[in-house]
Amino acid sequence: PAILLRSTTHLPRQQSSMADACKAKGNAALQAGEFDEAIGHYTEAIGLDGSNHVFYSNRSAAYLSKGDADAAMADGDKCITMKPDWPKGYGRKGAALHKLKKYDEAAAVYSAGLEACPDDKALTDGLATVMKDKDKPPPAAPPPSAANPFGNIIGKLATHPKFSTWMSNPSVMGKINMMQSNPQSIAMMLQDPEMQEVVQALLGGMGINTQGPPGGAEEAAPAAAAAASPAAQEPMEVDPPTPKGPLSDEEQKAEDVKAMREQGNAHYKAKEFEQALTCYDSVFEQDPEQVSVLNNKAAVYMEMKEWKQAEDTIKGAIEAAQALRPTPFETIAKMYDPLRDTIHHSSPLSPLSPLLTTLTTLTTPHHSH
């Protein structure tokens, strides 16, 4: 009995250690854009130690990154119940409601959080963003050609003497329909010889304007320039005003993340690649919404000639960016150019690189206006 009592006494400490290990695995998976895997690790941590509100908070972030706002809201609500004086719980729930476009409910949650945690900057900013989006008029729907430059493939091919005969082939039609309905499948379809021929014909003079609108639109930056200057791949950020008093925890965290990113850039310029990778990993772990830092990380791998790792990193960045709301389409479009360069080096399908370059140009938003 004494031995049994000793084992029972030490079990909670062992469980807590195991739960922390699961959390660490979840953080690594979230950083890599593996949202389902991250959710699984956080769920395992909760099973081992259901009293830790941080596990629910992290799982809420993973759910929101995946696009499951309902589950993210439920975990945020659990955080609030477990620790009502912790601002991040209100932030998690408010962000989930915001994504669901339930603006009044989101505003109420942020307001309740500010009552419990006055002057919290993250909650104040969250409330302001919700109210701004609530009052914003709905965006005008883009023309079909802006959503997918290959949206009228069938109409163009039907007039072509060779490809018009392909219209009766169910296999070809299935692939064409997928390209029309899902622009993200185009790069994958380029691995099919028949679709390569179709796309090459379309880009070669069957009605698609590959040069952009009259007046001259910018072309995507070459991959070499993107790799040489990782910061150039990022959207411009406006620094917050310098606070007059002591920094809040959230402000201090933002400053730490910014400093870590700058430190990574400095290591990159000094060709201290391992140190740069460590810094960029730390930035994304602390703030998973900074997907552009994965571009910086991919640029390091490209300098190291680790082409497959660079390719996987960019693909993970694209997946993570697609899960953000609002979705940064222009940032995603800029990722395809370095992706083309990595595929050119890591894949035997290097002849596809020129097509991916053209696709990058066609799918960049400013070519549709």
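Residues numbered from 1 in each chain as written. Predicted model: local features only at pLDDT ≥ 70, side-chain atom pairs only at ≥ 80, totals over all residues. Heavy atoms only, no water.

Asker: So what exactly am I meant to see when it comes to the overall build of the protein chain here?
Answerer: Per the secondary structure count, the protein chain includes 19 helices and zero strands. For the protein chain, buried positions account for 42% of its 369 residues. In the protein chain, the proportion of contacts linking residues at least 24 apart, taken out of those at least 6 apart, comes to 57%. Working note: accessible area of the protein chain is about 19,700 Å², and carbon and sulfur atoms make up 55% of it. (Helix = DSSP H or I, 4+ residues; strand = E, 2+ residues; numbered from the N terminus. Buried < 20%, exposed > 50% of the residue type's maximum accessible area, 1.4 Å probe, protein only. Contact = heavy atoms within 4.5 Å. Areas by Shrake-Rupley, 256 points an atom, 1.4 Å probe, with all protein chains shown as cover.)

Asker: Any chance you could explain the pattern of salt bridges here in plain terms?
Answerer: For side chains of opposite charge, pairing can occur when their charged atoms come near one another. Taken as a whole and judged by the stated rule, the model has eleven salt bridges. The salt bridge partner of Asp36 is Lys66, with a shortest N-O separation of 2.8 Å. Residue Asp36 is located in helix H2 (residues 35-48), and its partner Lys66 is located in helix H3 (residues 53-66); the two are separated by 30 residues in the primary sequence. For Asp36, a relative accessible area of 52% corresponds to the exposed category. Between Asp125 and Lys121 there is a salt bridge; the shortest N-O distance is 2.7 Å. One end of the pair, Asp125, and the other, Lys121, are both in helix H7 (residues 121-135), four residues apart, so they sit about a helical turn from each other. (Salt bridge = Lys/Arg side-chain N within 4 Å of Asp/Glu carboxyl O.)

Asker: How should the confidence of the model for the protein chain be read in this particular structure?
Answerer: Detailed reading of the predicted coordinates is not advisable wherever pLDDT is low. Summary statistics for the protein chain give a mean pLDDT of 75 and a share of 69% for residues scoring 70 or more. Counting interchain partners and residues more than four positions distant, the pLDDT-below-50 stretch residues 1-11 has zero contacts. Throughout residues 205-244 the model reports pLDDT below 50, and contacts reaching past four residues in sequence, or to other chains, amount to 51 contacts. (pLDDT = per-residue confidence, 0-100.)

Asker: So what exactly am I meant to see when it comes to the nonpolar core here?
Answerer: A general feature of soluble globular proteins is that nonpolar side chains tend to end up buried together. Residues Tyr268 and Val300 are the most contacted members of the largest nonpolar core, which totals 55 residues. Among the nonpolar cores identified, the runner-up in size contains nine residues, and Leu157, Val172, Ile176 and Val199 belong to it. (Core = buried A, V, L, I, M, F, W, Y, C linked by side-chain atoms within 4.5 Å.)

Asker: How should I be thinking about the side chain of Asn27 in this particular structure?
Answerer: Relative to the assigned elements, Asn27 resides in helix H1 (residues 2-31). Not counting residues up to four positions away in its chain, the partners in contact with Asn27 are Tyr42, Asn58 and Glu285.

Asker: Can you walk me through unusual backbone geometry in this structure?
Answerer: What is expected of a backbone is that most residues other than glycine have negative phi and most peptide bonds are trans. One non-glycine residue, Asp119, adopts positive backbone phi at about 70 degrees. As for its placement among the helices and strands, Asp119 is situated in the loop between helix H6 (103-116) and H7. Even without being a glycine, Lys305 presents a positive backbone phi close to 65 degrees. Mapped onto the fold, Lys305 is located in the loop between helix H16 (292-303) and helix H17 (307-322).

Asker: Would you take a moment to explain H2 for this structure?
Answerer: In an α-helix there are 3.6 residues to a turn, and that puts residues three or four apart on one side. For H2, built from 14 residues, the straight-helix expectation of 20 Å at 1.5 Å per residue is met to within 8% by its first-to-last C-alpha distance of 20 Å. Those residues of H2 lying buried are Phe35, Ala38, Ile39, His41, Tyr42, Ala45 and Ile46. Projected down its long axis, H2 shows its buried positions confined to an angular sector of 165 degrees, all on one face. Facing away from the buried surface of H2 by more than 90 degrees, the exposed residues are Asp36 and Gly47. (Expected span 1.5 Å × (residues − 1). Arc of directions from axis to C-beta.)

Asker: What am I meant to see in the side chain of Arg59 here?
Answerer: Looking at where Arg59 falls in the secondary structure, it is placed in helix H3. A residue is classified by how much of its surface remains accessible, and Arg59, at 13% relative accessible area, is buried. Of the polar contacts made by the side chain of Arg59, one reaches the side chain of Thr43; its length is 3.0 Å. Ignoring any residue separated from it by four or fewer positions in sequence, one finds Arg59 in contact with Ile39, Tyr42, Thr43, Ile46 and Asp75. (Polar contact = N/O pair within 3.5 Å; in protein donor to acceptor, adjacent residues only side chain to side chain.)

Asker: Before we go on, may I ask you to explain the packing of helix H4 (residues 69-82) against helix H5 (residues 87-99) in this structure?
Answerer: How two helices pack is summed up by the angle between their axes together with the distance between the axes. Packing of H4 against H5 brings their axes to within 7 Å, and their N-to-C directions diverge by 155 degrees. Relative to H5, the element H4 is oriented roughly antiparallel. The two elements H4 and H5 meet at a crossing, and its hand is left-handed. Between H4, through Ala69, Ala72, Met73, Gly76, Asp77, Cys79 and Ile80, and H5, the contact on the second element is made entirely by Gly89, Tyr90, Arg92, Lys93, Ala96, Leu97 and Lys99. (Axes fitted to C-alpha atoms, helices over the stretch in contact; angles between N-to-C directions. Parallel < 35°, antiparallel > 145°, perpendicular 65-115°, else oblique. Left-handed = near helix turned anticlockwise from the far one by under 90°.)

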